[in-house]
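Now for the letters of each chain:
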Amino acid sequence: MTIRLRLLLLCLCSSAFLTAQQPKKPTASEIHESIKKLNFLGSVLYVAAHPDDENTRLISYMSNEVKARTAYLSLTRGDGGQNLVGPEIRELLGVIRTQELLAARRTDGGEQLFTRANDFGYSKHPDETLAIWNKDEVLSDVVLAIRRFKPDVIINRFDHRSPGSTHGHHTSSAMLSVEAFDLVGDKNAYSSQLSSVNTWQPQRLFFNTSWWFYGSQENFDKADKTNLLDIDTGVYFPSSGLSNPEIAALSRSQHKSQGFGSTGSRGTQKEYIELIKGELPQDRANIFEGVNTTWSRVDGSKVIGTILASVEKNYDFRNPSASIPELVRAYKAIQNLKDIHWRTIKTEEIKTIIAACAGLYLEATANTNHATAGSTVDLKLEVINRSPSKMILTSVVLPNDISVEKNLGLESNIDFEFKEALKISNNQSVSTPYWLTKKGSLGMYAVEDKSFIGKPETPRKLSVTFNLNIENVAIPFTKAIVYKSNDPVKGEEYKPFEIIPEASAKISEKVIILDTDAQREINVIVRAGRDNLEGYVQLAHPDNWSVYPEKQNVVIANKGQDETLIFTVIPPKEQSEGLLSPMVTVGNSTYTKELIEIEYDHIPFQTVLLPSESKIVRLDIKKRGEQIGYIEGAGDVVPESLRQIGYEVTTIAPDKISAENLERFDAIVVGIRAYNTVADLKFKQQLLFDYVAQGGTMIVQYNTSRGLKTDNLAPYDLRLSRDRVTDETAEVRIIAADHEVLNSPNKITSNDFEGWTQERGLYFPDEWSSAFTPILSMNDEGEDPKTGSLLVAKHGKGYYVYTGLSFFREFPAGVSGAYRLFANMLSLGKNAAKNSSDMKN
């Protein structure tokens, strides 16, 4: 699927939409801007906790106006957030948000870095955050990031001096950055890193403050600004026709899974940064004051600076290729620099500029988007020089260091294509996010290859190097192998070229609920990664469960084809739960991973391998009613989960909500954040309230107070807050013990709140009409009780329920008590009728 992104080419803006993975094709203006950047030798590191925490206005300004090498260090990948574009949560959401960050950086011109910290969910204090994260390991990663990137200036998004006033992850990111600032230059601090990096000392550390941190604009206006620098980030770039805030909005809008689409603005916009460490610049608009950002900061670079100053000054916008001879001279001189850091950075920058000036197009495409270790794929290599420069393709080097001599003169605008066969190594590792290859802890990802720590993605090892001779100087260009196809509607489409296992398997359902001891048929789906796959499949299961047959043979003729095998599972008579795991044996190898493909228009196609597991639960559960109408919100798996316990669930589009359509349902469930994301619902509220008044049950799951599409969330007064209980083990106190929702058809006790995951709930109401009955009380340690997690109101003949409990997280985790409680909520108003019927019989 094509991914449409507004790219910032060579750290600049372009109005063209390009497909992700597609080669960059900069304009003459963009090339000139990149030459300016080549002549700036200064770096800025922005530090915060999550994807979407970053200030894209400041990142874009530093990259595109100042021309500084700019990076964002996000301590986490945002796994604990919500997902507005699909059902993925936890690790898979982290994969999506990683790619959204990379898309944002392609837009605003920055680079992207990470630590191993796992976003385990909302945290109210840095003490909790740093205990769960393993402070020493995350601090080590921050120190490593600074030593690698070598920033002259660090800017924190959050204030390190205000623990407990905001998300614990936020404050922790600032605290770790402040501590790291004093450690990175100490050879005794994390000394094991010094085998691959050197010590470093940034010149200044700032906090990116604003009126928000002062409580109001009025307070901020009165505040002492002695240590504050103010920067006008509202500049306009004639080369792109965009203002910096417009670029920043495009960057911010890449965070689509979080609903952070942003409208661009124009005109002066001030950003304030407060000095935390280092000397305060006299020029309050220049954070690099006193830092040498010219070529003269690097020993032996005088001739390079002279050449490139001339290239910038004499650049011909109508003929960029006129700059190639001098650029090649500078490239050759850069190779002699002893400063490895700047030599590496500027080598890649100048190579990109040379290629752009020459209109040099290099591409290596495979005839398939995935293959297995040991297999052979066909490659097509394309080379074209669209300049008058003297250029020779001397050779190409395929993976595994296979060199193919060419010695081909590249005449201007003559396209050359070659075909090569690539034999993939038998030991080639599979393509998957490196931080997911080994099970980590609640707060930390486990990374086996320490050289990967901090990288945004698993490095692409399958690439082709084109060895060129340009103006009598040898210059290599390396391109990752990609897959390219043509869609009859969308045209040219790109996907990464991935290595997958020869077999993978999954159970069709991630959570399987059995409400009796009757046997259940389970579908196991096996996918072939190669042609002519033969093997057998077994199903690992809990000891007190039975599975037959014990194993089944599987034969699949074609790569990419699925085969479904049916196993029968027999549960125990008593309540029990455990994991089912398919195992595919092919020859001497056994495969236990599931192949997951993530495909959205706004990010590149993603391939993820995770342990193939499904939770199976023999659950003591009763229910009333059968037909459930579901109004979708921001994306969750609640409908699938309700089907697991025997309900028939029908999704209702907002335009289909009518009295006639609603009357056939026993209950209506509204998805998470529906009133934040579905504007049309505000026109349907009275219909829904009438349905309740006539005897129906309506359950509304959590919404955020910010951005509600209606003022009438409930038939009675109800005000949402930011109250939440983040400790999933927090005590749950029953305060309406006799209420029907806790007693029928299932008796709910404290045991039903055991085994919950990530949190109890979020965005609870804090004020409500007396028509509501609060059912539960809970709180995080040291806080006042919160009683708004589950509110039930009788309305006419029916029931309206509002809940901030995190059913959308508990259902995918197979939490038994969550299913039992939700069944009771759906059964409200139906129990009396059932009991009466039982008495008559």
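Calculation criteria
- Sequence order as written defines the numbering, with residues in each chain counted from 1.
- A pLDDT threshold of at least 70 governs which residues receive local features in this predicted model, and a stricter bar of 80 or more applies before side-chain atom pairs are shown or counted, although totals over entire chains, interfaces and linings include all residues.
- The basis for every side-chain value is the complete set of non-hydrogen atoms in the structure, without hydrogens or water.
- Numbered from the N terminus, helices here are DSSP runs of H or I no shorter than four residues, and strands are runs of E no shorter than two.
- In this setup the radius of gyration rests on C-alpha atoms only. A globule is expected at 2.2 Å times the number of residues raised to 0.38.
- Any residue under 20% of the maximum accessible area for its type is buried, any over 50% is exposed, and the rest in between are partly exposed; the area is computed with a 1.4 Å probe on protein chains only.
- Here, residues are in contact when the closest pair of their heavy atoms is within 4.5 Å.
- Residue exposure ignores everything except the shown protein chains as possible cover, and the areas themselves are Shrake-Rupley values with a 1.4 Å probe.
- Counted as positive: Lys and Arg. Counted as negative: Asp and Glu. His and the chain ends are not counted at all.
- Charge positions are represented by NZ for Lys, CZ for Arg, CG for Asp and CD for Glu.
- One fewer than the residue count of a helix, multiplied by 1.5 Å, yields its expected span.
- As used here, the arc is the angular range of directions from the helix axis to the C-beta atoms.
- For two strands to count as paired, DSSP must find a minimum of two bridges between them.
- Interaxial angles span 0 to 180 degrees and are taken between N-to-C directions of axes, which are lines fitted to C-alpha atoms, for helices over the stretch in contact.
- One side-chain nitrogen of Lys or Arg within 4 Å of one carboxyl oxygen of Asp or Glu is enough to make a salt bridge.
- Roughly parallel refers to an angle under 35 degrees, roughly antiparallel to one over 145, roughly perpendicular to one between 65 and 115, and oblique to any angle outside these ranges.
- Left-handed describes a crossing whose near helix is turned anticlockwise from the far helix through less than a right angle; right-handed describes the clockwise counterpart.
- Three classes are used: nonpolar for Ala, Val, Leu, Ile, Met, Phe, Trp, Tyr, Cys and Pro, charged for Asp, Glu, Lys and Arg, and polar for all others, with Gly counted as polar.
- Orient the strands so they point away from the viewer, and a crossover whose first-strand-to-second-strand path over the helix runs clockwise is right-handed.
- Whether two aromatic rings pair depends on their centres lying within 6.5 Å, for rings of Phe, Tyr and Trp, where Trp uses its six-membered ring; planes under 30 degrees apart make the pair stacked, over 60 edge-to-face, and the rest tilted.

Visitor: I would appreciate a short explanation of the overall build of the protein in the present structure.
Guide: Per the secondary structure count, the protein includes 18 helices and 45 strands. Taking 841 residues into account, the globule formula puts the C-alpha radius of gyration at 28 Å, and the protein, at 30 Å, falls close to it. Counting all 841 residues of the protein, 56% fall into the buried class. Sequence-distant contacts in the protein: of pairs separated by 6 or more residues, those separated by 24 or more amount to 73%. For the protein, the exposed area adds up to about 34400 Å²; of that, 46% sits on carbon and sulfur atoms. A gap of 3 Å separates the mean positions of the 94 positive and 107 negative side-chain charges of the protein.

Visitor: Can you walk me through helix H9 (residues 302–313) in this structure?
Guide: Side chains three or four residues apart in an α-helix point the same way, a direct result of the helix having 3.6 residues per turn. End to end, H9 covers 17 Å across 12 residues, agreeing with the expected 16 Å (1.5 Å per residue, within 8%). When H9 is considered as a whole, its buried residues turn out to be Ile304, Gly305, Ile307, Leu308 and Val311. Across the axial projection of H9, the buried residues extend over an arc of 165 degrees, all falling on one side. Opposite its buried face, H9 presents the exposed residues Lys302, Thr306 and Lys313, each directed more than 90 degrees away. Contacts made by the buried residues of H9 are with helix H1 (28–38), helix H10 (324–334) and helix H11 (340–358).

Visitor: Whenever I open this one, the sheet that holds strand E18 (residues 463–470) confuses me. Can you help?
Guide: Within a beta sheet, neighbouring strands are joined by backbone hydrogen bonds and run either parallel or antiparallel to one another. What the four strands build is an open sheet, ordered E16-E15-E18-E19; its pairing is antiparallel. Only two strands of the sheet have a single neighbouring strand rather than two, namely strand E16 (402–409) and strand E19 (473–480). Mean inter-strand twist for the sheet, computed between neighbouring axes without regard to direction, equals 20 degrees. Here E18 pairs with E19 via eight bridges, running antiparallel. Residue pairing in the sheet places Leu468 in a bridge with Ile475 of E19. Contacting E18 and E19, H10 runs over the sheet at an angle of about 90 degrees to E19.

Visitor: What am I meant to see in the pattern of salt bridges here?
Guide: Scanning the model with the defined rule gives 42 salt bridges in all. The partner of Asp52 in a salt bridge is Arg97, with the nearest N and O atoms 2.5 Å apart. Taken as a pair, Asp52 in the loop between strand E3 (43–48) and helix H2 (56–65) and Arg97 in helix H3 (residues 90–108) lie far apart in primary sequence, 45 residues in all. The burial state of Asp52 is the same as that of Arg97; both residues are buried.

Visitor: Help me out: how do you make sense of the side chain of Gln644 in this one?
Guide: Relative to the helices and strands, Gln644 is located in helix H12 (residues 638–644). Every residue in contact with Gln644, bar those within four places of it in the chain, is listed here: Glu509, Val511, Ile512, Ile513 and Arg520.

Visitor: Explain the packing of H1 against H11 here, please?
Guide: Packed helices, taken two at a time, are described by their axes: the angle between them and the distance between them. Viewed as axis vectors pointing N to C, H1 and H11 meet at an angle of 160 degrees, and their least axial separation amounts to 10 Å. As the angle between them shows, H1 and H11 are arranged roughly antiparallel. By crossing handedness, the relation of H1 to H11 is classed as left-handed. The segment H1 lies against H11, with Ile31, Ser34, Ile35, Lys37 and Leu38 engaging Lys346, Glu349, Ile350, Ile353, Ala356 and Cys357. Among the residues forming the contact of H1 with H11, the class breakdown is seven nonpolar, one polar and three charged.

Visitor: Sorry, what's going on with the pairing of strand E6 (residues 153–156) here?
Guide: For a regular strand, side-chain orientation follows a simple rule: the groups alternate between the two sheet faces. Residues of E6 alternate between two faces, with Val153 and Ile155 on one and Ile154 and Asn156 on the opposite face, all of them buried. For E3 and E6, the ladder comprises four bridges, and the chain directions are parallel. When the sheet's bridge partners are listed, Leu45 is paired in E6 with Ile154. The sheet contact formed by E6 and strand E7 (residues 204–209) spans four bridges and is parallel. Across the sheet, Ile154 pairs through a bridge with Leu205, a residue of E7. In this region the chain leaves E6, passes through helix H6 (residues 168–183) and returns to the parallel neighbour E7; the handedness of that crossover is right-handed.

Visitor: Looking at this structure, I do not really get the sheet that holds strand E44 (residues 790–795). What am I missing?
Guide: The strand order E36-E35-E37-E38-E45-E44-E42 describes an open sheet built from seven strands, whose pairing is mixed. The strands lining the two open edges of the sheet, one partner per strand, are strand E36 (648–651) and strand E42 (772–774). Along the sheet, successive strands turn relative to each other by an average axial angle of 20 degrees, direction set aside. Of the strand pairs in this sheet, E42 and E44 are connected by three bridges, and their pairing is antiparallel. The partner of Thr773 across the bridge, within E44, is Val792.

Visitor: Mind showing me how you'd approach H3 here?
Guide: The end-to-end C-alpha distance of H3, which contains 19 residues, comes to 27 Å, matching closely the 27 Å that a straight helix rising 1.5 Å per residue would cover. Of all 19 residues in H3, 17 are buried; the element is thus mostly enclosed. Positive phi appears at Gly109, one or two residues downstream of H3, with a value of about 95 degrees.

Visitor: When you look at the environment of Glu640 in this model, what are you seeing that I'm missing?
Guide: For Glu640, the position within the fold is in helix H12. For the pair Glu640 and Phe811, spaced 171 residues apart in sequence, the C-alpha separation works out to 9.3 Å.

Visitor: Even after reading the chapter, I still don't get unusual backbone geometry, so can you show me in this structure?
Guide: A negative phi angle is the norm for most residues apart from glycine, just as the trans form is the norm for most peptide bonds. For the bond running from Tyr548 to Pro549, omega is -5 degrees, close enough to zero to count as cis. Secondary-structure assignment places Pro549 in the loop between strand E27 (546–548) and strand E28 (551–556). A cis amide bond, omega 0 degrees, links Ser744 with the succeeding residue Pro745. Along the chain, Pro745 turns up in the loop between strand E40 (732–734) and strand E41 (761–768). Positive phi, normally seen in glycine, also occurs at Arg90, with a value near 55 degrees.

Visitor: What am I meant to see in the pairing of E7 here?
Guide: Counting buried positions over the six residues of E7 gives six, a clear majority of the element. Burial of E7 is two-sided: the residues Arg204, Phe206 and Asn208 facing one way and the residues Leu205, Phe207 and Thr209 facing the other way are all buried. Pairing between E7 and strand E11 (residues 270–277): five bridges, direction antiparallel. Looking at E11, one finds that Thr209 is bridged to Tyr272.

Visitor: Mind showing me how you'd approach the packing of aromatic side chains here?
Guide: Two aromatic rings, taken as a pair, are described by how far apart their centres are and by the angle between their planes. Going through the model one piece at a time under the given rule, you end up with 20 aromatic pairs. Judged by centre distance (5.4 Å) and plane angle (80 degrees), the rings of Phe40 and Phe288 are edge-to-face. On the criterion of sequence distance, the pair formed by Phe40 in the loop between H1 and E3 and Phe288 in the loop between E11 and H9 is long-range, its members being 248 residues apart. Taking relative accessible area as the criterion, Phe40 reaches 15% and is therefore assigned buried.

Visitor: Help me understand the side chain of Ser321, please; the structure alone is not making it clear to me.
Guide: Tracing the sequence through the fold places Ser321 in the loop between H9 and H10. The residues contacting Ser321, other than those within four sequence positions of it, are Cys357, Ser387, Pro388 and Ser389.

Visitor: How should I be thinking about the packing of H10 against H11 in this particular structure?
Guide: Relative to each other, H10 and H11 sit at 160 degrees, their axes nearing to 10 Å. With respect to H11, the element H10 is oriented roughly antiparallel. The interaxial crossing formed by H10 with H11 has left-handed handedness. Where H10 approaches H11, its residues Ile324, Leu327, Val328, Ala330, Tyr331 and Ile334 are matched on the opposing element by Arg343, Lys346, Thr347, Ile350, Lys351, Ile353, Ile354, Cys357 and Ala358. Here the residues of the contact of H10 with H11 sort into 11 nonpolar, one polar and three charged.

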